[in-house]
Amino acid sequence: MTIRAVLWDVDDTIFDYARADHVGMSAHLTAEGLVDGFDSVDQALRRWRELTAIHWRVFEAGGVDFQEQRRERVRDFLARPGLTAAEADDWFDRYVSHYEAAWELFPDTVPVLDLLADDYRHGILSNSSLHNQERKLRVLGVRDRFEAVLCAAELGVAKPAPEAFHAACTALDLRPGEVAYVGDQPDIDARGAVEAGLRGIWLDRADTGGRPELHRITDLRQLPALLGGHTRFGAPSTFG
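Presented here is a report on the structure given in the accompanying data block.

Calculation rules
- Residues numbered from 1 in each chain as written.
- Predicted model: local features only at pLDDT ≥ 70, side-chain atom pairs only at ≥ 80, totals over all residues.
- Heavy atoms only, no water.
- Helix = DSSP H or I, 4+ residues; strand = E, 2+ residues; numbered from the N terminus.
- Expected span 1.5 Å × (residues − 1).
- Buried < 20%, exposed > 50% of the residue type's maximum accessible area, 1.4 Å probe, protein only.
- Arc of directions from axis to C-beta.
- Contact = heavy atoms within 4.5 Å.
- Pairing = 2+ DSSP bridges.
- Salt bridge = Lys/Arg side-chain N within 4 Å of Asp/Glu carboxyl O.
- Axes fitted to C-alpha atoms, helices over the stretch in contact; angles between N-to-C directions.

Notes on helix α4 (residues 85-101)
Next, step 1: For α4, with 17 residues, the first-to-last C-alpha span of 24 Å sits near the 24 Å given by 1.5 Å per residue.
Next, step 2: Buried within α4 we find Ala88, Asp89, Trp91, Phe92, Tyr95, Val96 and Tyr99. The arc that holds every buried residue of α4, seen down its axis, measures 160 degrees, which confines them to one face.
Next, step 3: Of the surrounding secondary structure, the elements contacted by the buried residues of α4 are α1 (17-32), α2 (41-60), α3 (66-78) and α6 (130-139).

Description of the side chain of Arg143
Next, step 1: Residue placement: Arg143 occurs in the loop between α6 and β3 (148-151).
Next, step 2: Judged by its relative accessible area of 15%, Arg143 falls in the buried class.
Next, step 3: When neighbours within four sequence positions are excluded, Arg143 is seen to be in contact with Glu134, Leu137, Arg138 and Val149.

Remarks on the pairing of β3
Next, step 1: Of the two faces of β3, the one lined by Ala148 and Leu150 and the one lined by Val149 and Cys151 are each fully buried.
Next, step 2: Direction of pairing for strand β2 (residues 121-126) relative to β3: parallel, over a ladder of four bridges. Each bridged residue has a counterpart across the sheet, and for Gly123 the counterpart in β3 is Ala148.

Regarding the pattern of salt bridges
Next, step 1: For the structure shown, the criterion picks out 25 salt bridges.
Next, step 2: Taking the shortest distance from any N to any O, the salt bridge between Asp11 and Lys136 comes out at 2.6 Å. Here the residue Asp11 occupies a position in the loop between β1 (5-8) and α1, and Lys136 occupies one in helix α6, the gap between them amounting to 125 residues.
Next, step 3: The class of Lys136 is buried, set by a relative accessible area of 4%.

Here we look at the sheet that holds β2
Next, step 1: Read from one edge of the open sheet, six strands run β3-β2-β1-β4-β5-β6, paired in parallel fashion. Among the strands making up the open sheet, the edge pair consists of β3 and β6 (215-217). With strand direction ignored, the average angle separating the axes of adjacent strands in the sheet is 25 degrees.
Next, step 2: Strand direction decides the pairing type here: β1 and strand β4 (residues 179-183), joined by four bridges, are parallel. Residue pairing for β4: Trp8 is matched across the bridge by Val182.
Next, step 3: Contacting β2 and β3, α6 crosses the sheet at an angle of about 145 degrees to β3.

Next up, the structure:
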C-alpha cells in the first residue's frame, strides 16, 4: 500500500528535548539553590528523568491526569509530599521558563520536512498534551507543517496503544497502511505503529543498533529514501 502521510513524534524526534531538558533543568536547579542537594547536576537530572518516567506510566495507565503527574513529580523530586497543588505548579512553571529558553529543533528537521512536503501529508501524534505540543510547534515555527496534532492527554489513550495510532489515521482520513510513523522509541513508537497497522520507523539518533525487525534510521535525512523504498538504513522493505 502506498504511503500517503507521515505521522511524527515530537520530543527527541524533531525537537531536541534531551538537550533542552538538560540545559533548562541545570539552570533551574541553580536558580532554586538545589544543586548542593545532589552530588552533581547530572545526578539531579537523572533523578528528575527517573521520576518523569515513573509518573508518566501512572498517567498513561489513567491513574492521574496530566497536571497531577507533574505535581507528583515535583513533590517526589523535592521530597516534599505536602506541597500544595499551587506550590508544585509554581515550581514547575519556573522550570518550564528555563526549559523553553533552550528549545531547538534538530538540524535535520526542517530540511527533511521541506523535502517531503510535496509528496506526503504530515501530522503529529505525541504522548503529551495538546497545550504543550501546539505551543511548542508554534514557537519553533513548524506548526503549519502539520495538518493534525493529536496528544495522549486529550485522546485518553497513549502510544503504543493501537487506538492512539488509529485516532491519528482517522484525523487524516487515511487507512493505517497508508501512514508511516516516525519516532525515537523502538517499542512505543516504531513497534507500536507496526502493531497498529502503520509503517513504523525507529529514529535511532544514537545509532545503538539492534532490533533488525524494525525499520531504523539514524538521521532524518535517511527518511525520504526509506519512504521511497530504498532500505539500506533499515530492515528489508515492506513498503508497497
